[in-house]
There are 2 protein chains.
Amino acid sequence: MFFSKLFVPILKNNPTEAKIKSHQLMLRTGMIKQSSAGIYSWLPFGFKVMKKIEQIVREEQNNIGAQEILMPTIQSSEIWMESGRYQDYGEEMLRIKDRQDREMLYGPTNEELVTDIFRSSVKSYKSLPQLLYHIQWKFRDELRPRFGIMRCREFYMKDAYSFDLSDEEAQYSYNKFFISYLKTFKRLELSAIPMAADTGPIGGNLSHEFIILADTGESKIYTDKRIFDVNSDNIRIDKNSLLNLRNEYEKFYAVTDEKYNKNEFEKNVNKENRLNTKGIEVGHIFYFGDKYSKSMNASVDHKGKKEFVKMGSYGIGVSRLVGAIIEAKYDDKNGVMRWPLSVSPYDCVIIVSISKNDTSNLEKSVKLFELLKKNNIEAIIDDTDENFSSKIKKFNLIGIPYQLILGKNSESDKIEFRDVGKESNNYSIEKILEILKSKK
Amino acid sequence: MFFSKLFVPILKNNPTEAKIKSHQLMLRTGMIKQSSAGIYSWLPFGFKVMKKIEQIVREEQNNIGAQEILMPTIQSSEIWMESGRYQDYGEEMLRIKDRQDREMLYGPTNEELVTDIFRSSVKSYKSLPQLLYHIQWKFRDELRPRFGIMRCREFYMKDAYSFDLSDEEAQYSYNKFFISYLKTFKRLELSAIPMAADTGPIGGNLSHEFIILADTGESKIYTDKRIFDVNSDNIRIDKNSLLNLRNEYEKFYAVTDEKYNKNEFEKNVNKENRLNTKGIEVGHIFYFGDKYSKSMNASVDHKGKKEFVKMGSYGIGVSRLVGAIIEAKYDDKNGVMRWPLSVSPYDCVIIVSISKNDTSNLEKSVKLFELLKKNNIEAIIDDTDENFSSKIKKFNLIGIPYQLILGKNSESDKIEFRDVGKESNNYSIEKILEILKSKK
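It should be emphasised that the depicted structure is a prediction, and the values quoted were computed from it without experimental measurement.

Residues Ile53, Val282 and Ile350 of chain A together with Ile53, Val282 and Ile350 of chain B are the most contacted members of the largest nonpolar core, which totals 255 residues. Among residues more than four places away in sequence, those in contact with Ile350 of chain B are Ser365, Leu368, Phe369, Ala379, Ile381, Asp382, Leu404 and Leu406 of chain B.

Written out as structure tokens, the structure reads:
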């Protein structure tokens, strides 16, 4: 209930080591703490935001019929030798020897492990399709970790994998994830655009990155602006609707760096529609057919014939999304962050002016808190003894979207109410409840 | 909705490698799959149970005012050198060199890391007490991992840490976790008894293990039977009530192996009350004062004086609890498992007899399913084409506590209803809803 009891170590100034605004804000508002190079602990506010993002990601996976499992962080090298990727993967893979001198590794991705699970469990085509996902910590031993949790070593990711009998069915699975990603990012109030992308070490020949625009992004993109107007609302989950949606997007040239071809870009996109900018990758989906099923012998019986299953994989960077939302929503010029209500650590903050000999304002805030709670609105009371303008400044950075302000002379029955960083209004508590409930 | 669509690879027989009943049942009912020695993947049913246990553990931590954070799995060796435990810890610590040749490790416990977080964030005694917890994967490189997830290498644990100014305050924090553990295990329908225990590599001189009785347990215990009758219901969270509760327990001799003293046992416990048996450790709490705060210089300012904080730590094995509940609840003689409703993968199963040319039973089950869903009861329909008695046998093992049975000639408006493994009754659907709602 009281901010003073929370473990939220606020910094007075931007830490000098942080070069981009998400890193600055997360350190400054006590969301994370670095524990070693590229490795972070999540403190209560950062943790709450990440967990809410995770839950939205989970719900949208469940909505397309994907089932949640959990694979371990530490894997045996043996399955990576089967697929042939053990040598290929390079130094970003954290390789480990256990006490028996067995070669192990901290999973950077899970195609091998999930293929191993599939092949030992599923025997018949009748059990297809299977969509499996998990949300787990991963490790990539970056040479130069930087930008806080945006390019770190230990990170939290949702990985999904699809198993189908035919290419056509597999495309349908691919498209289910395509729409579920659009829905996920929309619920996070991000405008993420699918762009044709390189498949890299995952393999295959079909891939989309989901990119949000940001100056600090590390992905270069080349696109027809009109792709931002494609409407993905109210799409039914059936083969044709999803195919049509994919076609709607693919009408427009939209690629990442590795796929960029100057001639094609200029041929396909009128000058006034060309956009060449930077973005942040928040999701990446791949279709790679039988690349792993063949090398690892994952097949099903199809009416007496052995068929290698067709697979795709689908990733969302859950911890990275915390930073990506800040990059998209933080106005660092004016010192104002605004979390989407769906992932904010609290729905609203009650900022109280406190004087030493008068506790009436604090009592008023506790009553407000109880009333909000009764209406399922999660609030926090700033009961610290900082001066009032520091409190406002601090909560503008913390980014809880709604502020209820009990100033020095707040005696009327109206309460100052503010959407963070905007003009405030004096409203009755009934009106405030009405507004907050309508936003939830 | 349909069991046939779920990824639940059921085995026909007990796998020979499994020696204890939790390991057997978890493999047999497709809850887990071993990925390498002592390392497991969690498949949908196992995952669901573990997540529900995690949520109960979390709620009871929040109820005593502990705040959730998340520390990474990979730690730097530097903080372990500060505390002096880096060399001590032995071969169970998974030691790792990263690509820069830095010495890292997979955290087996987090006293050092949480002390590092505390010392950089908290400066004044006014911010005390602080109770922080996290739920994270840990690794102990067991020489001989065995018994499935009961003694494995990668495991899921809740760790909490308390920080206080004085010994007296720290005892109060210790007692808060003491009661929260009793409540947690009660919600899991486990009768776990706190027993005086050795502190081992954690250190300090006060410690309790929470033990549930089980023949397959690896902990030997010596106790006065009457300790099972101590009532911990309706205890208020204040200093005196908690102290009294601790005293109630400590009236009775109850120790683990390392603390056992034959003379004391026989002196303090009448012959008829002596119990010498085996149990499973499901929780372990420690008080170790300034052991880490002194060596790592974690102090607060107390009215101008520097004071090292007094710390305790508090662990619950979340993944291990899945196995512990099975050890406590699985009647392997009769092939009947019964999950507590609070952690069961589903609230009830609708077992349907299906004939090839008649889909009426299946349609009936779908209507039932929808009705249950409307009443917030989560059901699953067994729509497989196995014969009826195999279905019953299978679901007796899976352990969903309530079965609704639509047999061949189910034409009346009554439905066969069964608490798994017990006698069935024919009830109206209204009556069944009433029963299920009363259990939730």
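Still more ground to cover, so stick around.
This part is about the relation of the copies chain A and chain B. Relating one copy of the chain to the other requires a rotation about an axis plus a shift along that axis. Between chain A and chain B, which share one sequence, the superposing operator has a rotation angle of 180° and an axial displacement of 0.0 Å; the RMSD is 0.0 Å. Here the two chains are linked by the operation of a two-fold rotation axis. Minimal C-alpha distance to the rotation axis in chain A is attained by Ile96 of chain A, lying at 2.9 Å. When the interface residues of chain A are mapped onto chain B, 100% of them are again interface residues, pointing to one common binding face.

The subject of this paragraph is unusual backbone geometry. Peptide bonds are trans in most cases, and residues, glycine excluded, mostly fall at negative phi. Residue and element names in this part refer to chain A. Pro129 follows Leu128 through a cis peptide bond whose omega is -5°. The phi dihedral of Phe147 is positive, around 60°, even though this residue is not glycine. The phi angle at Glu189 is positive, at roughly 60°, despite the residue not being glycine. Examined against the element boundaries, Glu189 turns out to sit in the loop between helix 6 (167-187) and strand 9 (193-196). By the C-beta count within 10 Å, which is 15 here, Glu189 ends up partly exposed.

Quick look at the domain arrangement of chain A now. By the assigned domains, chain A splits into domain 1 (21-329) and domain 2 (346-439). Put simply, the middle of domain 1 of chain A and the middle of domain 2 of chain A, counted by C-alpha atoms, are 40 Å apart.

The accessible area lost on association of the parts is a frequent measure of interface size. Facing 39 residues of chain A, the contacting portion of chain B comprises 39 residues. Listing elements by their share of the side of chain A that touches chain B, those giving two or more residues are strand 1 (32-36), strand 2 (39-42), helix 2 (44-63), strand 3 (67-68), strand 4 (74-76), strand 5 (94-97), helix 5 (111-121) and strand 7 (130-139) of chain A. Residue classes in the side of chain A that touches chain B are distributed as 22 nonpolar, ten polar and seven charged.

Look at helix 6 of chain A: 30 Å from first C-alpha to last across 21 residues, which is about the 30 Å you get at 1.5 Å a residue. Glu189 of chain A occupies a position one or two residues after helix 6 of chain A and carries a positive phi of about 60°.

For the rest of this paragraph, the subject is the sheet that holds strand 19 (residues 402-406) of chain A. Residues and elements named next belong to chain A. In space, the five strands of this open sheet follow the order 18-17-19-20-21, with mixed pairing throughout. The sheet terminates laterally at strand 18 (379-382) and strand 21 (424-428), the two strands that pair on one side only. Between one strand axis and the next, the sheet turns through 30° on average, direction left out of account. By the bridge criterion, four bridges tie strand 17 (residues 348-352) to strand 18 in an arrangement that is parallel. Within strand 18, the residue paired with Val349 across the bridge is Ile380. Of the strands in this sheet, strand 17, strand 18 and strand 19 touch helix 11 (residues 360-374), which is tilted by about 165° from strand 17. Against the sheet, helix 12 (residues 388-398) contacts strand 17, strand 18 and strand 19, and its axis sits at roughly 170° relative to strand 17.

The next subject is the pairing of strand 6 (residues 103-106) of chain A. Side-chain direction in a regular strand flips from residue to residue, so the side chains alternate between the two faces of the sheet. Residue and element names in this part refer to chain A. Covered by surrounding structure in strand 6 are Met104 and Tyr106 only, the residues Glu103 and Leu105 on the alternate face being uncovered. Relative to strand 6, strand 4 runs antiparallel, the two sharing three bridges. Looking at strand 6, one finds that Gln75 is bridged to Leu105. In this structure, strand 5 lies alongside strand 6, joined through four bridges in antiparallel fashion. Bridged to Lys97 within strand 6 is Glu103. Between strand 5 and strand 6, which pair antiparallel one after the other, the connecting turn spans five residues, and Asp101 there sits at a positive phi close to 70°.

Another aspect to go through is the sheet that holds strand 5 (residues 94-97) of chain B. Residue and element names in this part refer to chain B. Read across the open sheet, the three strands follow the order 4-6-5; overall the sheet is antiparallel. Edge positions in the sheet fall to strand 4 (74-76) and strand 5, since each of these pairs with one other strand and no more. Mean inter-strand twist for the sheet, computed between neighbouring axes without regard to direction, equals 35°.

Here the focus is the confidence of the model for chain A. For chain A, the mean per-residue pLDDT works out to 95, and 99% of the residues sit at or above 70. With a pTM of 0.97, the predicted complex shows an ipTM of 0.96.

Residues and elements named next belong to chain A. Relative to each other, helix 6 and helix 7 (residues 239-250) sit at 65°, their axes nearing to 9 Å. Judged on the interaxial angle alone, helix 7 and helix 6 are roughly perpendicular. Between helix 6 and helix 7 lies a crossing of left-handed hand. Residues Tyr172, Asn175, Lys176, Phe178 and Ile179 of helix 6 form the contact with helix 7, whose participating residues are Lys239, Leu242, Leu243, Leu245 and Arg246. Along the lines of polarity and charge, the residues of the contact of helix 6 with helix 7 split into six nonpolar, one polar and three charged.

The rules behind the values
Residues numbered from 1 in each chain as written. Chains lettered and ligands numbered in written order. Predicted model: local features only at pLDDT ≥ 70, side-chain atom pairs only at ≥ 80, totals over all residues. Core = buried A, V, L, I, M, F, W, Y, C linked by C-beta atoms within 7 Å. Buried ≥ 20, exposed ≤ 12 C-beta atoms within 10 Å, placed from the backbone. Contact = placed C-beta atoms within 7 Å. Least-squares fit on C-alpha atoms with pLDDT ≥ 70 in both. Helix = DSSP H or I, 4+ residues; strand = E, 2+ residues; numbered from the N terminus. Domains from an automatic or database assignment. Nonpolar A, V, L, I, M, F, W, Y, C, P; charged D, E, K, R; others polar. Expected span 1.5 Å × (residues − 1). Pairing = 2+ DSSP bridges. Axes fitted to C-alpha atoms, helices over the stretch in contact; angles between N-to-C directions. pLDDT = per-residue confidence, 0-100. Parallel < 35°, antiparallel > 145°, perpendicular 65-115°, else oblique. Left-handed = near helix turned anticlockwise from the far one by under 90°.

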